[in-house]
Amino acid sequence: MTTATPELLTVPEVMARLRLGRSTVYDLIRSRRLLSITVGRSRRIPADALRDFITREIEEAA
């Protein structure tokens, strides 16, 4: 039996997808608007968390 693992994105990958700078992405993480986890010394953002963030931003803008 295989279990699907959620895709974990690096901060540079999130920067590229959102077209934002490093400081802005870390500010979103710090303010808990963008959920993330720490793996060792690395910060990772679940792809689902990024999709949720984008959905919330779209809903707030409407």
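The rules behind these values
- Residues numbered from 1 in each chain as written.
- Predicted model: local features only at pLDDT ≥ 70, side-chain atom pairs only at ≥ 80, totals over all residues.
- Heavy atoms only, no water.
- Helix = DSSP H or I, 4+ residues; strand = E, 2+ residues; numbered from the N terminus.
- Buried < 20%, exposed > 50% of the residue type's maximum accessible area, 1.4 Å probe, protein only.
- Contact = heavy atoms within 4.5 Å.
- Pairing = 2+ DSSP bridges.
- Axes fitted to C-alpha atoms, helices over the stretch in contact; angles between N-to-C directions.

Asks: Summarise the overall build of the chain; cite the residues concerned and give the values.
Replies: Counting secondary structure elements, the chain contains 3 helices and 3 strands. Counting from the amino terminus, helix and strand elements in the chain follow one another as β-α-α-β-β-α. Principal axes of the C-alpha set define a box for the chain whose edges measure 40 × 25 × 20 Å. The proportion of buried residues among the 62 residues of the chain is 23%. In the chain, 42% of the contacts between residues at least 6 apart in sequence involve partners at least 24 apart.

Asks: Summarise unusual backbone geometry; cite the residues concerned and give the values.
Replies: Unusually for a residue other than glycine, Arg-19 sits at a positive phi of about 55°. Within the element layout of this structure, Arg-19 appears in the loop between helix H1 (11-18) and helix H2 (22-30).

Asks: Can you break down the sheet that holds strand S3 (residues 42-46) residue by residue, with the values?
Replies: If you walk across this open sheet you meet the 3 strands as S1-S3-S2, and the pairing is antiparallel. With one partner strand each, in any of the chains shown, strand S1 (8-10) and strand S2 (37-39) form the two edges of the open sheet. Within this sheet the neighbouring strands show an average axis-to-axis angle of 50°, counted without direction. Sheet topology note: the S1/S3 ladder contains 3 bridges and is antiparallel.

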